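Letter by letter, the chains look like this.
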Amino acid sequence: MKARESCGVVGIYGVPDAAVKVYYALYALQHRGQESAGIVASDGERVRSKKDLGLVRDAISRADLAHLPGHIATGHVRYSTTGAKRVQNIQPLVIEYARALVAVAHNGNLVNARTLRHELGERGAIFQTSTDSELIVHLMAGSRIADVKECLTESLRKLSGAFSFVIMTQDKLFGVRDPQGFRPLCIGKFKDGWAIVSETCALDLIGADFVREIEPGEIVCADSDGLSSWRFADEPRPKRAHCIFEHVYFARPDSYVFGDSVHMVRVGLGKNLAREHPAGADVVMPLPDSGNSVALGYSRESGIPFDLGIIRNHYVGRTFIMPGQTDRVEDVNLKLNVVKESVRGKSVVLVEDSIVRGTTLKAKLGMVRRAGAKEIHIRISCPPICFPCYYGIDFPTKKELVAGQRSVDEVRKFLGADSLGYLSEEGLLAAVSGPPEDYCVACFTGRYPVACEAGMEDKLALESRVVS
Ligand code: SF4
């Protein structure tokens, strides 16, 4: 099983039929969440929404878009890291309080949610969902400040953790990034309007020009006065903590994230991997799809020919993914097959982005072995994942992570590989253009950049097991 991303968010302002743009942008961000999708649109007065479980194409039909008129819209694709997979939790959340109607789309995970929920509950707040994302609206509703911009600014200062928000009122669209900048969020421009999206690949699809990333700790607002921006985070600016896993696995290779091309970073990871862990092999091949760019880099640096030996069936949807450990092998067989001519009698370097539990990779390796590979050398484009993530990525607990309590050689034996090489932390951070200290690497090191409230590991472990 791969680690799963928490969400993708979109907002559009100043474009006729903004919901249609959001719909297509959500298609581009589908990789960031496949459990549910939603769109909320406003014509300046009325706010309408359509949300459901499933992929974008299942949750929202083209016919639904005709019932979402207006020049402002926001959308969300979700994989739940907090809050069970329930219909009430599908975002964008729409909540009306005394002074405003607010729609919220959130990517990330708060690390003081339990404390805030308790405090707000004591003051009489009644929660509609079990997600962290609702807290921002309750904080706004409880504020004495009438102006929505000032009220949002004050409320955001109480949040801690990872949050890239798109927030919509009847007549304004806001984009917000947490002070550390854990998750990406960027601004695009149309001739007469604005887009705010998780990844630049969504801007390409909807025909918006990339303007810039929203800065960590910044709020941008699109309204009838144009685009304005201000900071909510305290000065001096806190240390940045961009999630390096966006580059390793989550983001699409055709996106720019934290100032770098994701594809080019992955090619660099492959080159660094080849330098750190050479292999005397006949062929390099990726485990599709996230290993593709890395395998290309490994091949270029090592001179070992690149080949496509593992073919993915793109038509197997999540419908076929059954819960439980034992079904994962069948799941792999449904999704992947081996080109026997590419591996038979050969020594093969198999390139993968990361190992979480290890069971899926073990099954993939078994397929290649059965197809006749002589030797299998596994190369991983990040260090061993030994610690859970509290900032919006669904890794299992330390006990369930294959590297959580095993040495590299014990992981190799578990997988059944002839050799196993993980990229070092230095090799990982050398592939991005920003300073290494601007990245979060806590799932490899256990050094968490923002402290979490007590009991968070138990909370995440419990919620990842909740089935609706
Ligand atoms: Fe990303 Fe890992 Fe940090 Fe989570 S702990 S934000 S997955 S780098």
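Residues numbered from 1 in each chain as written. Predicted model: local features only at pLDDT ≥ 70, side-chain atom pairs only at ≥ 80, totals over all residues. Heavy atoms only, no water.

## Considering the site of the ligand
And then number 1: In the vicinity of the ligand, the contacting residues are Arg183, Cys243, Ile244, Phe245, Cys389, Tyr391, Ile393, Phe395, Cys440, Ala442 and Cys443.
And then number 2: Split into classes, the residues belonging to the shell around the ligand amount to 10 nonpolar, no polar and one charged. (Near = heavy atom within 4 Å. Nonpolar A, V, L, I, M, F, W, Y, C, P; charged D, E, K, R; others polar.)

## Structural notes on the domain arrangement of the protein
And then number 1: Examined at the domain level, the protein breaks down into domain 1 (7–239) and domain 2 (249–448).
And then number 2: Relative placement of domain 1 and domain 2: their C-alpha centres are 32 Å apart.
And then number 3: Every contact between the two is made by 21 residues of domain 1 and, on the other side, 18 residues of domain 2.
And then number 4: Linking domain 1 to domain 2 there are zero salt bridges.
And then number 5: If you list the elements that add at least two residues to the side of domain 1 that touches domain 2, you get strand S6 (100–110) and helix H7 (200–206).
And then number 6: Tallying contributions element by element places H7 first for the side of domain 1 that touches domain 2, with three residues. (Domains from an automatic or database assignment. Contact = heavy atoms within 4.5 Å. Salt bridge = Lys/Arg side-chain N within 4 Å of Asp/Glu carboxyl O. Helix = DSSP H or I, 4+ residues; strand = E, 2+ residues; numbered from the N terminus.)

## What to know about the packing of aromatic side chains
Any pair of aromatic rings gets described here by the distance separating the centres and the angle formed by the planes.
And then number 1: Going through the model one piece at a time under the given rule, you end up with 12 aromatic pairs.
And then number 2: Ring geometry for Phe245 versus Phe444: centroids 6.1 Å apart, planes at 35°, classification tilted. One end of the pair, Phe245, is in helix H8 (residues 245–250); the other, Phe444, is in helix H16 (residues 442–445), and 199 residues separate them in sequence. In this structure, Phe245 and Phe444 share a single accessibility class: buried.
And then number 3: With a centroid separation of 4.9 Å and an interplanar angle of 45°, the aromatic rings of Tyr390 and Tyr448 are classed as tilted. Linking Tyr390 in the loop between strand S21 (375–380) and helix H14 (408–415) with Tyr448 in the loop between H16 and helix H17 (456–463), this pair joins segments that are 58 residues apart in sequence.
And then number 4: For Tyr390, a relative accessible area of 9% translates into the label buried.
And then number 5: Note on Tyr448: relative accessible area 26%, which makes it partly exposed. (Phe/Tyr/Trp six-rings, centres within 6.5 Å; stacked < 30°, edge-to-face > 60°. Buried < 20%, exposed > 50% of the residue type's maximum accessible area, 1.4 Å probe, protein only.)

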